[in-house]
Amino acid sequence: MTFHDPETSPRRAARAEAERRATAAITLPHGGPDAVEPPSRRNLRADPGPRLRAIPLLVRRRIAVAALALVVVASGAVAIGAAVASGKTPATEPQAAAAIAGPPAVPAEGLPVPVIAEAPAPKSPCDDPAFTSALASGDDGATIAAIGGGEAFRSAVASGIAPCVSLADATRQWVVVNKQRPYDPANYRPNDLVMPNGVRALEDSALRQRAADALSKLVQAAEDAGAGEIGYLSAFRSYETQQKTYAARVSVGGVAEADKESARAGFSEHQSGLAVDIVPCSRSCGTLDDVGGSTQGAWVRDHAWEYGFITRYEQGRIDVTGYEPEPWHLRYIGPELAKAYHDGGYTTLEEFFGLPAAPSY
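Residues numbered from 1 in each chain as written. Predicted model: local features only at pLDDT ≥ 70, side-chain atom pairs only at ≥ 80, totals over all residues. Heavy atoms only, no water.

Caption draft 1: Looking closely at the overall build of the protein. Tallying secondary structure elements over the protein gives 14 helices and six strands in all. When contacts within the protein are restricted to residue pairs at least 6 apart in sequence, long-range pairs at least 24 apart make up 66% of them. As presented, the protein carries roughly 21100 Å² of accessible surface, and 57% of it is formed by carbon and sulfur atoms. (Helix = DSSP H or I, 4+ residues; strand = E, 2+ residues; numbered from the N terminus. Contact = heavy atoms within 4.5 Å. Areas by Shrake-Rupley, 256 points an atom, 1.4 Å probe, with all protein chains shown as cover.)

Structure follows, in structure tokens:
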């Protein structure tokens, strides 16, 4: 069997080295010629002297280990400092080296300034010859098709990038008339008024050609769907007729009440020839107040947009339009725009085209 010499054991050797360094730090008296030769490491362990003998062996060992740890830490700090001084950072201490080195130096010409490119301005359809040509022709459908459809047209107008399109032009199907947007001239009258074919009219009141044709199709479709017959009470009203209509309302309920139900002359959608007040009919026709609860009224709410019409004054939008709800009042804006209006969930033309509310004059 082989026995290990305690003096040659690695663990014992490390501990012995620690003790050697610790005891070396203790100052021993030096004599002259009669000075005693310093004892060897083995002798010190055998006889540590009166001062060290007073310290327990376990405590002496702990002191020695602590001293060794201090030596190791000091050696590491010196190594890092030397590496930084030489421009080399130990791979195992990147964060410590970075903290010692500090931030990089600023170049003499200064830090680079980031360049932020401006977003290109949206292209205006008014710069497109195909669009401006269609607009000049007076064909509303061709104009909307030239820009890419109803939603593209609406978006361009609402965003302001189509200044060549006027929402005040009463000859166009996209005209917007409200309490802040009168006709110019005030007594405007369209020149293509016709009576709709196949539609029961309760008075001699016409519509513009495109609107009249669309109303004929709508009425026929409602009857084919089993919704019942749809007639109409009033369509185009001249400036003079609207003066009388509004005055009659004022005489009944006063100006404030009249303004909720009837437009002043020069501000009425009926004057455009693009608006119509429908009524439900069977053998005879009902009143305007009957529309909301009728099968005809329900069908119109779901399908009028397919024929280019919208319900102009809806429930709860008096804050924008200034009018009480009128489920009977249909406004023709064309099938392309009516689809965009329906698909976008709009309830007023003002919001559809990005215009301010107009609840009062």
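Moving on from the model shown.
Caption draft 2: Local environment of the packing of aromatic side chains. Applying the stated criterion to the full structure yields 10 aromatic pairs. Geometrically, the ring pair formed by Tyr 183 and Tyr 188 is stacked, given 5.8 Å between the ring centres and 15° between the ring planes. When its relative accessible area of 6% is taken as the criterion, Tyr 183 is described as buried. Pairing Tyr 313 with Tyr 323 gives two aromatic rings, centres 4.8 Å apart and planes at 50°, and the pair type is tilted. Here Tyr 323 lies in the loop between helix 12 (318-321) and strand 6 (326-332) and Tyr 313 lies in strand 5 (residues 309-313), a separation of 10 residues in the sequence. Each residue in the set Tyr 341, Tyr 346, Phe 352 and Phe 353 is aromatic and connected to the rest through ring pairs, giving one cluster. (Phe/Tyr/Trp six-rings, centres within 6.5 Å; stacked < 30°, edge-to-face > 60°. Buried < 20%, exposed > 50% of the residue type's maximum accessible area, 1.4 Å probe, protein only.)

Caption draft 3: Looking closely at the pattern of salt bridges. Applying the stated criterion across every chain, the model contains 15 salt bridges. Among the salt bridges present, the one from Arg 154 reaches Glu 151, with a minimum N-O distance of 3.0 Å. Placement of the pair is Arg 154 and Glu 151 together in helix 8 (residues 150-159), with a separation of three residues, close to one helical turn. With a closest N to O distance of 2.8 Å, Arg 312 and Glu 269 form a salt bridge. With Arg 312 in strand 5 and Glu 269 in the loop between helix 10 (239-261) and strand 4 (275-281), this residue pair connects regions lying 43 residues apart in the sequence. For Arg 312, a relative accessible area of 1% translates into the label buried. For Glu 269, a relative accessible area of 2% translates into the label buried. (Salt bridge = Lys/Arg side-chain N within 4 Å of Asp/Glu carboxyl O.)

Caption draft 4: Inspection of the state of the cysteines at higher detail. Inspection of every chain in the model, using the stated rule, returns two disulfides. Residue Cys 126 pairs covalently with Cys 164 via a disulfide, S to S 2.0 Å. Its S-S torsion of approximately -90° makes the covalent link between Cys 126 and Cys 164 left-handed. Here Cys 164 lies in the loop between helix 8 and strand 1 (193-194) and Cys 126 lies in the loop between helix 5 (94-101) and helix 6 (129-137), a separation of 38 residues in the sequence. Exposure remark for Cys 126: the relative accessible area of 19% places this residue in the buried category. (Disulfide = S-S within 2.5 Å.)

Caption draft 5: Fine view of the packing of helix 6 against helix 7 (residues 140-147). Two elements in contact, helix 6 and helix 7, have axes whose closest approach is 8 Å; the angle formed by their N-to-C orientations is 165°. Taken together, the axis directions place helix 6 and helix 7 in an arrangement best described as roughly antiparallel. Where helix 6 crosses over helix 7, the handedness of that crossing is left-handed. Contacts between helix 6 and helix 7 involve Ala 130, Phe 131, Ala 134 and Leu 135 on the former and, on the latter, Ala 142, Thr 143, Ala 146 and Ile 147. When the residues that make up the contact of helix 6 with helix 7 are grouped by side-chain class, the tally is seven nonpolar, one polar and no charged. (Axes fitted to C-alpha atoms, helices over the stretch in contact; angles between N-to-C directions. Parallel < 35°, antiparallel > 145°, perpendicular 65-115°, else oblique. Left-handed = near helix turned anticlockwise from the far one by under 90°. Nonpolar A, V, L, I, M, F, W, Y, C, P; charged D, E, K, R; others polar.)

Caption draft 6: Summary view of the nonpolar core. In this structure, Leu 215, Leu 218, Val 276, Ile 278, Val 300 and Phe 309 are the most contacted members of the largest nonpolar core, which totals 33 residues. Sorting the residues of this core by element identifies helix 9 (209-224), strand 3 (229-234), strand 4, helix 11 (295-303) and strand 6 as the ones contributing at least two each. With residues up to four places along the chain from it excluded, the contact list for Val 300 reads Leu 218, Ile 230, Ile 278 and Leu 330. Counting residues in each nonpolar core, the second largest holds 23 residues, with Phe 153, Ala 340, Tyr 341 and Phe 353 among its members. (Core = buried A, V, L, I, M, F, W, Y, C linked by side-chain atoms within 4.5 Å.)

Caption draft 7: How the structure looks around the confidence of the model for the protein. Per-residue confidence for the protein gives a mean pLDDT of 84; residues scoring 70 or more make up 70%. For residues 26-36, every residue scores under 50 in pLDDT, and the model assigns this stretch two contacts once sequence neighbours within four places are set aside. (pLDDT = per-residue confidence, 0-100.)

Caption draft 8: Here's a closer look at the sheet that holds strand 4. Taking strand neighbours across the sheet as the criterion, the four strands line up as 3-4-6-5 in an open arrangement whose pairing is antiparallel. Every other strand in the sheet has two partners, leaving strand 3 and strand 5 as the edge strands with one partner each. Ignoring strand direction, the axes of neighbouring strands in this sheet form an average angle of 50°. When strand 5 meets strand 6, the two strands line up antiparallel, connected through four bridges. Of the residues in strand 6, the one forming a bridge with Thr 311 is Leu 330. (Pairing = 2+ DSSP bridges.)

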